[in-house]
Amino acid sequence: MATFLYRLGHLSVRRRRYVLFAWIALLLLAAGASKAAGGETSDEISLPGTESQTAFDLLADRFPSAGGSFTQVVFAAEEGHAVDEPQAMAAIDRTMAAMGKVDGVSVALGPKLTGAISEDHTTALGMVRYPDSVLEVEDATTEAVAEAAGIARDAGIRVEFGGQVVPGVEMEPPSTEMLGLAVAIVVLLVSFGSVLAMGLPIVTALLGLGIGISGIGLLSAVVDLSSTAPTLAIMIGLAVGIDYALFVVTRHRQNLAAGLDVEEAAARANATAGGAVLFAGITVVIAIAGLAVIGIPFVTVMGLAAAATVAIAVLVAITLLPALLGFVGHNIDRFRVPGLRNRTGATHEGETWGTRWARTVTERPGTALAGGLVVMAVLALPVLSMRMGLPDAGSEPTDSTQRQAYDLVSEKFGAGYNAQLSIVVDLTGARASEARRAVATVEERLRSFEGVDKVLPPEVNEAGDTAVIQVVPASGPADPDTESLVHGMRGDVRDEVRDSTGSSYYVAGATAANIDISDKLADALVPFVALVIGLTLVLLTIVFRSILVPIKAALAILVSIGSSFGVLVAVFNWGWLAGLVGVDQTLPIVSFLPMMMFAILFGLSMDYEVFILTRIHEEYHRTRDAAGSVLTGISASARVITAAALIMISVFAAFTLGDSPIIKMFGVGLAAAVFLDATVVRMVLVPAVMTLFGDRAWRLPRWLDRILPDLDVEGEELVERLEAHDAEVARRRAAASREEPTPVG
């Protein structure tokens, strides 16, 4: 691998104009294709193999008017007035009638038909139904529905929208990535002391990110892609793009400081740091792409989109970056920042804080290990009380119409009105004469469940083979009691109904779908974690030719992930410091977030693991001094690891300033994990454990060594050959200079 990257580095420098042109052309082509395709993101969720999806498919086939999607219209009277006053109700009726006439609306039901008027007569509910799914409802339809609300508003009635389709709301992606980018620029300036050196990682990261986001836009034209996916891809792509370039540029500057010419310095940086980048990137891609084993399409596509941006960042780092280094030449340290030292991280620059810290840890490895584990264990304790679920309108910003509608409904009707369940009754197994009795039996059984607040009258399709019964729970959508109710309805009672009536029913609706997602994710968690850890252990064993190092690496990453989950629980479940990230209430952790975060963090943490261990292994391969190699490896890596971590943390933390609670959770979780991983894990636990392992860390059974391929990711063999070649050239030049005749004065 190292030899290939070395040659690729040389080729990229020599053909730098062609390489630069190719990447710019790819960016323009991807951007143009994405714009022409006109793809849009969608938060519609498909859940193959779940009861919710079975019910949805049944309705789509037999009872489209009861399926499709809906908008909840919330009417609130002015203070001192009631919604059922003649004048107010007349305005509401005209509003619902106007909504019912909109093209694309199947039916609009006003409060007189829904019967939903609050006890204090200040709030009423209407419903607009669409025959199409959320994704298929036309913008013109929702705009017309929103416009019709003006009739009631002109009469002094407040109107808010909730439900699956929210008219008049356009989702705008957050622009907070610019804050993270600004912090990254400052960190790079401090690290390199040069504007030109700082600009290289920024330029390459932005170009790779532009291609990745354009590709996602193109993908959204052919598959359903969550609105969270592009933001997540930006978050990860920007962070890894800058970090990967940082590693390569740092090694390149060290090579230049050692006296190599520009092309050779770039090629060797590509062979060593580029190898670590390639391996780390592959690990990230494997971990995130592993989300496909879950079997939930929107999670799979979200993971693949993020994995694609990482893959592009790797390709940019090992091809375009060497080309740009060739353009810059020896001017990489020009445009110096006044007052900042121009450090390259080379050993001749003397002792650094990283050296002093590494010496402190390696002199007392047992104490350092114990202290680090205590800190991580304390932070991980909140995980024991983690509460998971999917976000609902109650987690939206307080000034949004969805949140306003949600709060009004909860206050005036009860939390259960935001968690309605759709019971889809399949009557094909009952005789035609018994269908009505079967529906009545199901309705009666539903009323008997503890936790049911209200059962609405059933709706039956024209064919008489399918019915829908709406159930209002007594608890809210994220309440554990609601989950228990859903599982109870799907239990033995359903079998009794089937045996007595010949009919069957399915529990569906948004709340039930969220529960299905959580259950499916929980079932997939163990095989997913086993797959990711297993593949990573195999790759690390091949790279480092060791048994203990891969096991230690996997455990260390699990420790940092567990502690970051603890931070998430403390902030979002418990509400600690939640105001700092713009959250005004406790929220459940998004059910797919732990698995997504595990995949992302396992891959990202491998960046630091590989970068540090390659330097330690490189030194051990040269000196066979286990303790000394740990000290040298940590000393050489501390500065760049710190800079890389600060960049990632700033990029991730910037996304907590957006409106989406899902993105806030990703931002907090990823920022906390990178901080803990780069500080406690990499700077305390790793050097302590490696010191305690000693020579045993790099032992591998001979039989296993023979069958494993030698990838030479760190470029040790290549560097040895090149250094031997350099020494031979230097010897010949010295000999030639001694043989030259001395000029006669």
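Above this text is the structure in question.
Cut-offs used in this document
Residues numbered from 1 in each chain as written. Predicted model: local features only at pLDDT ≥ 70, side-chain atom pairs only at ≥ 80, totals over all residues. Heavy atoms only, no water. Helix = DSSP H or I, 4+ residues; strand = E, 2+ residues; numbered from the N terminus. Buried < 20%, exposed > 50% of the residue type's maximum accessible area, 1.4 Å probe, protein only. Contact = heavy atoms within 4.5 Å. Areas by Shrake-Rupley, 256 points an atom, 1.4 Å probe, with all protein chains shown as cover. Lys, Arg positive; Asp, Glu negative; His and termini not counted. Charge placed at Lys NZ, Arg CZ, Asp CG, Glu CD. Polar contact = N/O pair within 3.5 Å; in protein donor to acceptor, adjacent residues only side chain to side chain. Patch = residues over 30% accessible without salt bridge, like charges linked within 9 Å, V, L, I, M, F, W, Y side chains within 5 Å. Salt bridge = Lys/Arg side-chain N within 4 Å of Asp/Glu carboxyl O. Core = buried A, V, L, I, M, F, W, Y, C linked by side-chain atoms within 4.5 Å. Axes fitted to C-alpha atoms, helices over the stretch in contact; angles between N-to-C directions. Parallel < 35°, antiparallel > 145°, perpendicular 65-115°, else oblique. Left-handed = near helix turned anticlockwise from the far one by under 90°. Nonpolar A, V, L, I, M, F, W, Y, C, P; charged D, E, K, R; others polar. Pairing = 2+ DSSP bridges. Expected span 1.5 Å × (residues − 1). Phe/Tyr/Trp six-rings, centres within 6.5 Å; stacked < 30°, edge-to-face > 60°.

Enquirer: So what's going on with the overall build of the protein chain? Which residues, and what values?
Expert: The helix and strand inventory of the protein chain stands at 25 helices and 11 strands. Overall, the protein chain is about 120 × 50 × 45 Å in size when its C-alpha atoms are taken along their principal axes. Within the span of the protein chain, comprising 745 residues, buried residues form 54% of the whole. Residue pairs at least 24 apart in sequence account for 80% of intrachain contacts in the protein chain once pairs closer than 6 positions are excluded. Accessible area for the protein chain stands at about 31500 Å²; split by element, carbon and sulfur atoms hold 59% of it. In the protein chain, 53 side chains carry a positive charge and 79 a negative one; their mean positions are 13 Å apart.

Enquirer: Give a description of the side chain of serine 629 that names residues and reports values.
Expert: Here serine 629 lies in helix α22 (residues 626-654). Among the polar contacts listed, one links the side chain of serine 629 to the backbone oxygen of alanine 626, at a separation of 2.7 Å. Contacts of serine 629, omitting those with residues within four sequence positions, involve Ile616, Glu619 and Tyr620.

Enquirer: Would you mind going over the environment of alanine 578 in detail, with residue names and values included?
Expert: Summarising the element assignment, alanine 578 is placed in the loop between α20 (548-573) and β11 (589-590). The spacing of alanine 578 and valine 455 is 123 residues in sequence and 37 Å in space, taken between C-alpha atoms. Apart from residues lying up to four places away in sequence, alanine 578 is in contact with Val571 and Val583.

Enquirer: I'd like a rundown of a negative patch on the surface, residues and numbers included.
Expert: Taken together, the side chains of Glu138, Asp139, Glu143 and Glu147 define an acidic patch exposed on the protein surface. Checked against the element boundaries, glutamate 147 lands in helix α6 (residues 139-148).

Enquirer: Could you give an account of unusual backbone geometry, with specific residues and numbers?
Expert: In this model, histidine 121 sits at a positive phi of 65°, which is unusual for a non-glycine residue. Here the phi dihedral of arginine 624 falls at roughly 60°; this positive angle occurs in a residue that is not glycine. Summarising the element assignment, arginine 624 is placed in the loop between α21 (593-623) and α22.

Enquirer: Just give me the short version of the nonpolar core, but keep the residues and values in it.
Expert: Phe572, Phe592, Phe652 and Phe666 are the most contacted members of the largest nonpolar core, which has 153 residues in total. Those residues within four positions of phenylalanine 652 in sequence are excluded, and the remaining contacts are Met235, Ile236, Ala239, Leu604, Gly667, Leu670, Ala671 and Val674. If you look at the next biggest cluster of nonpolar residues, it comprises 27 residues, including Val83, Ala88, Ile92 and Val105.

Enquirer: Any details on the packing of helix α2 (residues 16-37) against helix α9 (residues 195-219)? Residues and values, ideally.
Expert: Between two packed helices, what matters for the description is the angle formed by their axes and the separation of those axes. One can describe the packing of α2 onto α9 by two numbers: an axis separation of 8 Å at closest approach and a directional angle of 30°. The pairing of α2 with α9 is recorded here as roughly parallel in orientation. Between α2 and α9 lies a crossing of left-handed hand. Here Trp23, Ile24, Leu26, Leu27, Ala30, Ala31, Ala33, Ser34 and Ala37 of α2 lie close against α9, whose contacting residues are Leu207, Gly210, Ile211, Ser214, Gly217 and Leu218. In the contact of α2 with α9, the residues fall into 11 nonpolar, four polar and no charged.

Enquirer: Account for the environment of valine 187, with residues named and values stated.
Expert: By the element assignment, valine 187 lies in helix α8 (residues 177-192). A residue is classified by how much of its surface remains accessible, and valine 187, at 11% relative accessible area, is buried. Measuring from C-alpha to C-alpha, the distance between valine 187 and valine 468 comes to 59 Å, with 281 residues separating the pair along the chain. When near neighbours in sequence (up to four residues on either side) are disregarded, valine 187 contacts Ala643, Leu646 and Ile647.

Enquirer: Run through the pattern of salt bridges, naming residues and quoting values.
Expert: Enumeration over the complete set of coordinates arrives at 20 salt bridges. Arginine 490 is the partner of glutamate 51 in a salt bridge, and the nearest nitrogen-oxygen pair spans 3.3 Å. With glutamate 51 in helix α3 (residues 51-62) and arginine 490 in the loop between α17 (480-489) and α18 (492-501), this pair connects stretches of sequence that are 439 residues apart. Just as glutamate 51 is buried, arginine 490 falls in that class too. Across the salt bridge formed by arginine 268 and glutamate 264, the nearest N and O atoms sit 2.7 Å from each other. Here glutamate 264 and arginine 268 lie together in helix α11 (residues 262-289), a separation of four residues that amounts to about one turn.

Enquirer: How would you explain the sheet that holds strand β1 (residues 69-76) if you had to name every residue and give the values?
Expert: If you trace the four strands from one edge of the open sheet to the other, you get β2-β3-β1-β4, paired in antiparallel fashion. In the strand order of this sheet, the two ends are held by β2 (107-109) and β4 (158-163), each with one partner. Between one strand and the next, the sheet's axes are offset by a mean angle of 20°, whatever the strand orientation. When β2 meets strand β3 (residues 123-130), the two strands line up antiparallel, connected through three bridges. Along β3, the bridge assignment pairs leucine 109 with methionine 127.

Enquirer: Quick rundown of the environment of alanine 599? Include the residues and the values.
Expert: Relative to the assigned elements, alanine 599 resides in helix α21. The exposure class assigned to alanine 599 is buried, which follows from its relative accessible area of 0%. Placed 309 residues apart in sequence, alanine 599 and glycine 290 show a C-alpha to C-alpha distance of 7.5 Å. For alanine 599, the residues in contact, after removing those within four places along its chain, are Ala287, Ile288, Leu291 and Phe528.

Enquirer: Break down helix α1 (residues 2-14) for me, with residues and values.
Expert: Counted at 1.5 Å a residue, the expected span for α1 with its 13 residues is 18 Å, and the 18 Å between its end C-alpha atoms agrees. Considered for burial, the residues of α1 that qualify are Ala2, Leu5, Tyr6, Leu8, Gly9, His10, Ser12 and Val13.

Enquirer: Lay out a nonpolar patch on the surface in plain terms, naming residues and giving numbers.
Expert: A surface patch of nonpolar side chains, amounting to about 430 Å² of accessible area, comprises Val374, Val378, Leu381 and Leu384. With respect to the secondary-structure elements, leucine 384 resides in the loop between α14 (365-380) and β5 (388-389).

Enquirer: I'd like to hear about the packing of aromatic side chains, residue by residue, with values.
Expert: Within the structure shown, the criterion is met by four aromatic pairs. Both rings, one in phenylalanine 413 and one in tyrosine 417, keep their centres 5.3 Å apart while their planes meet at 45°; by these two values the pair is tilted. Each member of the pair, phenylalanine 413 as well as tyrosine 417, carries the same accessibility label: buried. When the ring of tryptophan 574 is compared with that of tryptophan 576, the centres are 5.0 Å apart and the planes differ by 65°; the resulting orientation is edge-to-face.

Enquirer: Describe the pairing of β3, and please don't skip the residues or the numbers.
Expert: Counting buried residues in β3 gives seven out of eight residues, a clear majority hidden from the surface. Relative to β3, β1 runs antiparallel, the two being bridged by eight bridges. For valine 74, the partnering residue across the bridge sits in β3 and is leucine 125.

Enquirer: Describe in detail the pairing of strand β6 (residues 421-426), supporting the description with residues and values.
Expert: Counting buried residues in β6 gives six out of six residues, a clear majority hidden from the surface. Two elements, β6 and strand β9 (residues 466-473), share six bridges in a ladder whose sense is antiparallel. When the bridges of β9 are listed, leucine 421 appears paired with valine 471. Where β6 and strand β10 (residues 504-508) come together, five bridges link them in antiparallel fashion. In the strand pairing of β10, valine 425 is matched with tyrosine 505.

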